[in-house]
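Chain and residue survey
Letter by letter, the chains look like this.
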Amino acid sequence: RELSAWTPDKIVKSPHKDVDIPSRTVPEQIWENMERWVDRTAIECAITKQSYTYHQIYKYSRNFAAKLRTQLKIRDGDVVCIMMPNCPDFAVAVLGALEAGAEVTTVNPIYTAHEVQRQITLSDPKVVIGIPETITILKEALALAKKDLPIIAIKGVDGVLPPGTISFHEFALADNVDHSVLKEVRRKSEDVAFLPYSSGTTGLPKGVELVHRNIVVNLLQQNVDTIRHYDETTKSSQDVALAVLPFYHIYGLSIVLLHKLSVGLKVVTLPKFQPNTFTAALKEHKTNVLCAAPPLILFLGSHPGITNEHLAFIKTITSGAAPLPRKDVVSVFDKVKHKMNFLQVYGLTETAPLATAMLPGSEEYSTAGYAISNTELRIVDSALKPLGPKEVGELLIRGPQVMKGYRNNPEATKKCMTEDGWFQTGDLASIDTDGTVTIADRLKELIKVKGYQVPPAELENVLKEHPDVLDAAVIGVPDTRMGEVPKAFIVLREGHRADANSITTFVSKRVAEYKRIKEVRFLNELPKNPSGKILRRVLKEL
Ligand code: ATP
Ligand code: MG
């Protein structure tokens, strides 16, 4: 299957047709086809059932935008900081802030005041938005950052507004708001829309400048026929997407919230992952599209509470953000009785985020698929020399979704962008003759045993084949003779027993000698961040 071609200078092209890149802003793209589904539900909370139709999110976003400009004097390019869990008002806050001409930075709602302070100091917002629980943290963070900013709050279930805050609903849901002030807004597709901070898996998070064009094109890249994995909303049907991935992270924000709204789906939100509410929402809302990360795929496949009943309406499950063992996907398929798509997706905050995806219907679950439309790939060695098919090296990406740069950090930007526009991902990968990408691991996380490089994800894959192992993580630990050696952290399946020896022997039979696991430690749970990534630096501290 020669879907994707390698050019003579070792560039890998996308098998999909290119999309035109319109000069629209993100809200313009969301409203573009809205007439077709304007009275349908756009977004609903799975817990409280609070919901907005498309007409309402349009009107309320514009209300909110007008109030931000008139009452809080927000101007083009000012930063608005949002710290809240997934909920319908998240959509209104984001789209409203963008309509007002602002840039949006989203904060992990479980961050501590110190973590929030860092992001506030770096992003320099003019206003912050939260729910009662996060407002307490935001206030502490503002005090630490020595900033006195207006705070906009969404009322709690008790209907009480935290003291000293402005009511979000009084802004957004007001009657007869004059929108004429929005005519002053001058936002172009080259202006920054989002300022997300990367996950901070490998160091401190960096502020990533994503312009309107980056996001708009990434939404359109997901709509080409050869990759589309949902049904367009019509008069008689509307697909449902369950939004459990956090909106503060680019995967939840762009691929779940913005993309699904741009094509008229109903987005059902969960404020956090909890097995019982998640399981109930899957079934109750007859979920059609589920965007997930590896820990959620593991949950779907291994949790006895998830049965065919919960997955019966699923058309597509996607998984991205971290490596995923094939076995975990097969366990999910074992539970369902109908045909569905599984799409592994790959991307980074810096690529807004989608760069590669499997084709719907493919069964090569452990690959990251092909470059999406308008996207070129290359594999290079440490001297940036291009490598060929099946050779392992650093993955480079070139395309209209690649960020403008890191905020106030030209050095970091320069380090990851070549002069001819290639973005260096820091990920180790290989690309097949037909263009299929396989992500090996992050360059920074390779374990160096004597002269050899060992990708921890490869050993984690092997460990997860062990019948008693539910989950596994591998790091390198210092060794006087070898430099570094692999150490495994293991979570056993419920009711199963295995000792360290059984684990190391299992791996030794399957890998080259230098890759063997030298130490094993059993844990009840692995440290992962909310976007599903193993926090190896936390394991190193253990
Ligand atoms: P930081 O850059 O702050 O250390 P981060 O890189 O984890 O954090 P993100 O932008 O959220 O922040 O994640 C991008 C990374 O996620 C990629 O570089 C890659 O390592 C990993 N990733 C994403 N999708 C996949 C996938 N399908 N398979 C393997 N790894 C993936
Ligand atoms: Mg990164």
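Preceding this paragraph is the structure being described.
Residues numbered from 1 in each chain as written. Chains lettered and ligands numbered in written order. Predicted model: local features only at pLDDT ≥ 70, side-chain atom pairs only at ≥ 80, totals over all residues. Heavy atoms only, no water.

**Digging into a positive patch on the surface**
Basically, it comes down to this: Two joining distances apply to patches: 9 Å for like charges and 5 Å for nonpolar side chains (Val, Leu, Ile, Met, Phe, Trp, Tyr), and every residue must have over 30% relative accessible area and no salt bridge. Method for areas: the Shrake-Rupley scheme with a 1.4 Å probe, in which residue coverage is limited to the protein chains shown. By definition here, a salt bridge exists when the distance from a side-chain nitrogen of Lys or Arg to a carboxyl oxygen of Asp or Glu is within 4 Å. Positive: Lys, Arg. Negative: Asp, Glu. His and the chain ends are not part of the count. All charge positions are set by atom: Lys at NZ, Arg at CZ, Asp at CG, Glu at CD. Think of it this way: any DSSP run of H or I at least four residues long counts as a helix, any run of E at least two long counts as a strand, and we number them from the N terminus. Accessibility here uses a 1.4 Å probe with only protein chains present; expressed as a share of the type maximum, an area under 20% marks a residue as buried, one over 50% as exposed, and anything in between as partly exposed.
There is a patch of like positive charges on the surface, built from K450, R481, R516 and K518. Summarising the element assignment, K450 is placed in the loop between β22 (447–449) and β23 (452–454). Look at K450 and you get exposed, because its relative accessible area is 56%.

**Side note on helix α4 (residues 113–123)**
For clarity, the threshold we go by: Summarising the geometry, the arc corresponds to the directions from the helix axis toward the C-beta atoms.
Of all the positions in α4, only A113, V116, Q119, I120 and S123 are classed as buried. Seen end-on, α4 carries its buried residues on one side only, within an arc spanning 125°. Following α4 by one or two positions, D124 adopts a phi angle in the positive range, close to 50°.

**Quick look at the pairing of strand β21 (residues 437–442)**
Heads up, the rule is: Paired strands are those between which DSSP finds at least two bridges.
The pairing of strand β20 (residues 423–431) with β21 spans five bridges and is classified as antiparallel. Residue pairing for β21: D427 is matched across the bridge by R442. Counted between consecutive antiparallel strands, the loop separating β20 from β21 contains five residues, among which G435 sits at a positive phi close to 105°.

**Let's talk about the sheet that holds β20**
The condition that has to hold: Axes here refer to lines fitted to C-alpha atoms; in helices the fit is confined to the stretch in contact. Angles between the N-to-C directions go from 0 to 180 degrees.
In spatial order, the strands read β17-β18-β20-β21; together these four strands make up an open sheet with antiparallel pairing. The sheet is open, and its two borders are formed by β17 (376–380) and β21, each paired with just one other strand. Each strand axis lies, on average, 45° off the axis of its neighbour in the sheet, ignoring direction.

**Some points on the site of ligand 1**
Filter applied, for reference: One heavy atom within 4 Å of a molecule or strand is enough for the residue carrying it to be called near that molecule or strand. Whenever two N or O atoms come within 3.5 Å, that pair is a polar contact, provided that in protein one can donate a hydrogen and the other can accept it, and provided that, for residues adjacent in sequence, both atoms are side-chain atoms.
Close to ligand 1 lie 21 residues, the nearest being S198, G200, T201, T202 and T349. One nitrogen or oxygen atom from the side chain of H249 is found 2.8 Å from an oxygen atom belonging to ligand 1. For ligand 1, an oxygen atom lies 2.6 Å from a polar atom in the side chain of D427. Taken by itself ligand 1 offers 640 Å² of open surface, and the protein chains cover 95% of this.

**Topic: the nonpolar core**
The line we're drawing: The set of buried Ala, Val, Leu, Ile, Met, Phe, Trp, Tyr and Cys residues whose side-chain atoms join them within 4.5 Å is what this entry labels a nonpolar core. Note on contacts: a residue pair qualifies if any of its non-hydrogen atoms lie within 4.5 Å across the two residues.
In this structure, F194 and L261 are the most contacted members of the largest nonpolar core, which totals 103 residues. In this structure L261 touches I30, W37, A42, Y54, I57, A91, L95, V256 and V267, once residues within four positions along its chain are discounted.

Without other data, these values stay purely geometric and don't point to any function.
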